[in-house]
Amino acid sequence: MSNNKKKNLTPTQQQYQAFAKKREVKRPVVKNCIKAFFVGGSICAFGQAISTFYMHFFNFTEQTVGNPTVATIIFITMLLTGFGVYDHFAQFAGAGTAVPVSGFGNAVISAAIEHRTEGFVLGVGGNMFKLAGSVILFGVFSAFIISLVKTILIQWGGF
Amino acid sequence: MVFLWAFIVGGIICVIGQIMFDVFKLTPGHTLSTLVVIGAILAGFGLYEKLIDFAGAGATVPITSFGNSLVQGAMQESKKHGLIGVITGMFEITSSGISSAIIFGMIGALLFKPKG
């Protein structure tokens, strides 16, 4: 909690914050990191296997092979999410499943499945990018700024 | 050999995400957004391409590659059309990730019922 926020609290509230902080369960950071490393690493090694397959049989290069690999991983994520396996897996692995592109796929697909009871237009259509939207927004906006600066430097700076 | 580097580099990127979760107490949304921005910045300096050459899927599978391919697409097109290319080329490379997420999301919503 920032200091600015703390100033606005009454003494009782401040006491409560201190008390809550003491009672907060310590997260097993090292154990979580090891789990994330092995699960995330395995997903990437699996992705490498898919990439090697596409490079061998469909003439992709090292730089372009990311596309079909990502699509395949998202397809597998759909199956795992639909059968309810992914949630258990994600609970165990933490960032190990969230950081690879499967986490992005899971965020979209689980939101789509969860909201289908509200109808396909307002439920699925409206909520599909509820979680993943921030990733797209910040990715696109930062990429726009960076590319803009780089283009201007190249065109007018003569780099 | 490339499998081992994919495993190690992918694992390290996931550990960075896990540290953001646990030590800095960020939500998954904040963490993933930050990683995408980091990927875009690395791509801006041309470092991410080198990482892909080195680690293969270890660099293309984590979400950071999303930021990288947005910048790559924009830069590719801006070489041909100048500043307008930045906007028209943005999704050129990333389209597979987003369109497959949308398509499989819809198929998933048609096929599966929510649990719990």
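These numbers were taken from a predicted model, which means no experiment stands behind them.

*Asks:* Account for the overall build of chain B, naming residues and giving values.
*Replies:* Scanning chain B from terminus to terminus reveals seven helices and zero strands. Reading the helices (α) and strands (β) of chain B from amino to carboxyl end gives α-α-α-α-α-α-α. Each principal axis of the C-alpha atoms in chain B carries an extent, and together these give about 50 × 35 × 30 Å. By residue count, 56% of the 116 residues in chain B fall in the buried class. Long-range contacts, defined as pairs at least 24 residues apart, comprise 57% of the intrachain contacts of chain B with a sequence gap of at least 6.

*Asks:* Describe the overall build of chain A, naming the residues involved and giving the relevant values.
*Replies:* Looking only at helices and strands, chain A has nine helices and zero strands in total. Reading chain A from its N terminus to its C terminus gives the helix and strand order α-α-α-α-α-α-α-α-α. Scaling as 2.2 N^0.38, a compact globule of 159 residues should have a C-alpha radius of gyration of about 15 Å, whereas chain A reaches 22 Å, well beyond that. Dimensions of chain A along its principal axes, counting C-alpha atoms only, are 65 × 55 × 40 Å. Residue burial in chain A is summarised as follows: out of 159 residues, 41% are buried.

*Asks:* With reference to specific residues and values, describe the UniProt feature "transmembrane region" (unreviewed entry) in chain A.
*Replies:* Residues and elements named next belong to chain A. The UniProt record marks residues 36–57, 69–86, 93–113 and 133–153 with the feature "transmembrane region" (unreviewed entry), using the residue numbering of this structure. Annotated as 83% helix and 0% strand, the span residues 69–86 places its first and last C-alpha atoms 19 Å apart. Overall, residues 133–153 shows 100% helix and 0% strand. The separation of its end C-alpha atoms is 30 Å.

*Asks:* Let's hear about the interface of chain A and chain B: which residues, and what values?
*Replies:* The interface is formed by 65 residues belonging to chain A together with 63 residues belonging to chain B. Counting only elements with at least two residues in the side of chain A that touches chain B, the list comes to helix 3 (29–58), helix 4 (66–82), helix 6 (95–98), helix 7 (101–114) and helix 9 (133–157) of chain A. Looking at the side of chain A that touches chain B, the element that brings in the most residues is helix 3 of chain A, giving 15 residues. Looking at side-chain class alone, the side of chain A that touches chain B contains 35 nonpolar, 25 polar and five charged residues.

*Asks:* Break down the environment of Val70(A) for me, citing the residues and quoting the values.
*Replies:* Residue position: Val70(A) is located in helix 4. Note on Val70(A): 30 C-beta atoms within 10 Å, which makes it buried. Along the chain, Val70(A) and Ser51(A) lie 19 residues apart, while their C-alpha atoms are 9.3 Å from each other. In contact with Val70(A), other than residues within four places in its own chain, are Val101(A), Ser96(B) and Gly97(B).

*Asks:* If you had to explain the packing of helix 4 of chain A against helix 7 (residues 95–111) of chain B to someone new, which residues and values would you point to?
*Replies:* Following both chains from N to C, one finds helix 4 of chain A and helix 7 of chain B inclined at 20°, their axes separated by 9 Å at the closest point. Classified by the angle between their axes, helix 4 of chain A and helix 7 of chain B sit roughly parallel to one another. The interaxial crossing formed by helix 4 of chain A with helix 7 of chain B has right-handed handedness. Residues Asn67(A), Pro68(A), Val70(A), Ala71(A), Ile74(A), Phe75(A), Met78(A), Thr81(A) and Gly82(A) of helix 4 of chain A form the contact with helix 7 of chain B, whose participating residues are Ser96(B), Gly97(B), Ser100(B), Ala101(B), Phe104(B), Ile107(B), Gly108(B) and Leu111(B). Residue composition of the contact of helix 4 of chain A with helix 7 of chain B, by class: 10 nonpolar, seven polar and no charged.

*Asks:* Describe in detail unusual backbone geometry, supporting the description with residues and values.
*Replies:* With a phi close to 60°, Asn59(A) is a non-glycine residue in the positive phi region. On the secondary structure map, Asn59(A) appears in the loop between helix 3 and helix 4. Take Asn59(A): there are 9 C-beta atoms within 10 Å of it, and that puts it in the exposed class. The phi torsion at Lys25(B) lies on the positive side, around 55°, for a residue other than glycine. As for its placement among the helices and strands, Lys25(B) is situated in the loop between helix 1 (2–22) and helix 2 (28–44). Lys25(B) sits in the exposed class, given 9 other C-beta atoms within 10 Å.

*Asks:* Before we move on, could you go through the UniProt feature "transmembrane region" (unreviewed entry) in chain B and cite the residues and values that matter?
*Replies:* Residues and elements named next belong to chain B. Residues annotated in UniProt with the feature "transmembrane region" (unreviewed entry) correspond here to residues 6–24, 31–48 and 83–112. End C-alpha atoms of residues 6–24 are separated by 26 Å, and the span's content is 89% helix alongside 0% strand. Along residues 31–48 the backbone is 89% helical and 0% strand, and the end-to-end C-alpha distance reaches 19 Å.

*Asks:* Any chance you could break down the nonpolar core for me, citing the residues and the numbers?
*Replies:* Judged by nonpolar contacts, the single largest core of 71 residues is most densely connected at Val108(A), Val135(A), Val36(B) and Ile63(B). No other element matches the nine residues that helix 1 of chain B contributes to this core.

*Asks:* Tell me about helix 2 (residues 11–23) of chain A, and name the residues and values.
*Replies:* With 13 residues, helix 2 of chain A should cover 18 Å at 1.5 Å per step; its first-to-last C-alpha distance of 18 Å lies within 8% of that length. With respect to burial, helix 2 of chain A is a largely exposed element, only zero of its 13 residues being buried.

Parameters at a glance
- Residues numbered from 1 in each chain as written.
- Chains lettered and ligands numbered in written order.
- Predicted model: local features only at pLDDT ≥ 70, side-chain atom pairs only at ≥ 80, totals over all residues.
- Helix = DSSP H or I, 4+ residues; strand = E, 2+ residues; numbered from the N terminus.
- Buried ≥ 20, exposed ≤ 12 C-beta atoms within 10 Å, placed from the backbone.
- Contact = placed C-beta atoms within 7 Å.
- Rg over C-alpha atoms; globule rule 2.2 N^0.38 Å.
- UniProt positions renumbered as here; feature names shortened; annotations may be inferred.
- Nonpolar A, V, L, I, M, F, W, Y, C, P; charged D, E, K, R; others polar.
- Axes fitted to C-alpha atoms, helices over the stretch in contact; angles between N-to-C directions.
- Parallel < 35°, antiparallel > 145°, perpendicular 65-115°, else oblique.
- Left-handed = near helix turned anticlockwise from the far one by under 90°.
- Core = buried A, V, L, I, M, F, W, Y, C linked by C-beta atoms within 7 Å.
- Expected span 1.5 Å × (residues − 1).

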